[in-house]
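Here's the letter readout for the chains.
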Amino acid sequence: MLNAVEELRGSFLITADHGNCETMLQKDKKGNVIKDKDGKPRPLSSHTLTPVPVAIGGPGLAEGVKFKPKDAMPEDAGLTNVTATFMNLLGFKAPQHMRDTLIA
C-alpha cells in the first residue's frame, strides 16, 4: 500500500480500532476471571483502554503538516478525533460538532 502511495505522490492516515486481544476474559476488580453459571470463563466483548497508534505521511502530505504537540492534544484524544483529522488532511474544515483534529 505504501508503495502505491509513493508512486501516486499521495498521502496516508493509518490507524485501527483496537479489540481486546490483550484481555480476552472478563475479570473482577481483584483480577480474577469471571465465570458464567456453568463455570466457563466469560469472554470480554468490549474494547479495552489500550491506546491505538495513528500515523500520517506520504509525499503528498502538505508541507508542515504534523501532529499537535503532546501538550496541545485533546486530553481525551482517541478514535473519535480521527474523522476531523482525516477531513483536515483532505483539505476540508471539520464541522464544529466534531471532535478536534489531531494535526496542527
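Owing to the predicted nature of the structure, the values given are computational and were not obtained by experimental measurement.

**What to know about the overall build of the protein chain**
Here comes step 1: When its secondary structure is counted, the protein chain shows two helices and two strands.
Here comes step 2: The C-alpha atoms of the protein chain give 19 Å as radius of gyration, which overshoots the globular expectation for 104 residues (13 Å, by more than 25%).
Here comes step 3: In terms of principal-axis extent, the alpha carbons of the protein chain reach across some 60 × 35 × 25 Å.
Here comes step 4: The buried share of the protein chain, taken over its 104 residues, is 19%.

**Here we look at helix α2 (residues 82-89)**
Here comes step 1: Regarding α2, the residues found buried are V82, A84 and T85. Viewed along the axis of α2, the buried residues span an arc of 165°, placing them on a single side of the element.
Here comes step 2: For α2, the elements touching its buried residues are β1 (12-14).
Here comes step 3: Once α2 ends, the next one or two residues include G91, with phi positive near 95°.

**Focus: a nonpolar patch on the surface**
Here comes step 1: A surface patch of nonpolar side chains, amounting to about 320 Å² of accessible area, comprises M1, L2 and I14.
Here comes step 2: Its location among the elements puts I14 in strand β1.
Here comes step 3: For I14, a relative accessible area of 33% corresponds to the partly exposed category.

**Concerning the confidence of the model for the protein chain**
Here comes step 1: Here the protein chain averages 89 in pLDDT, while 98% of its residues score no lower than 70.
Here comes step 2: Mean pLDDT values for the elements of the protein chain range from 92 in α2 up to 95 in helix α1 (residues 2-8).

**Quick look at the nonpolar core**
Here comes step 1: Within the largest apolar cluster, five residues are counted, these being L13, I56, L61, V82 and I103.
Here comes step 2: Dropping the residues within four chain positions of it, V82 is found in contact with L13 and T15.

**Structural notes on the pattern of salt bridges**
Here comes step 1: Under the defined criterion, the tally for this structure stands at two salt bridges.
Here comes step 2: Close ionic contact of K68 with D100 constitutes a salt bridge, the shortest N to O distance being 2.5 Å. Taken together, the residues K68 in the loop between β2 (55-57) and α2 and D100 in the segment after α2 connect sequence positions 32 residues apart.
Here comes step 3: Overall, the relative accessible area of 15% leaves K68 in the buried class.
Here comes step 4: Between R99 and D76 there is a salt bridge, and its shortest N-O distance comes to 2.7 Å. Residue R99 is found in the segment after α2, and its partner D76 is found in the loop between β2 and α2; the two are separated by 23 residues along the sequence.
Here comes step 5: On the basis of relative accessibility, which here comes to 33%, the residue R99 falls in the partly exposed class.
Here comes step 6: Looking at D76, the relative accessible area reads 52%, which means it is exposed.

Rules and cut-offs
Residues numbered from 1 in each chain as written. Predicted model: local features only at pLDDT ≥ 70, side-chain atom pairs only at ≥ 80, totals over all residues. Heavy atoms only, no water. Helix = DSSP H or I, 4+ residues; strand = E, 2+ residues; numbered from the N terminus. Rg over C-alpha atoms; globule rule 2.2 N^0.38 Å. Buried < 20%, exposed > 50% of the residue type's maximum accessible area, 1.4 Å probe, protein only. Arc of directions from axis to C-beta. Contact = heavy atoms within 4.5 Å. Patch = residues over 30% accessible without salt bridge, like charges linked within 9 Å, V, L, I, M, F, W, Y side chains within 5 Å. Areas by Shrake-Rupley, 256 points an atom, 1.4 Å probe, with all protein chains shown as cover. Salt bridge = Lys/Arg side-chain N within 4 Å of Asp/Glu carboxyl O. pLDDT = per-residue confidence, 0-100. Core = buried A, V, L, I, M, F, W, Y, C linked by side-chain atoms within 4.5 Å.

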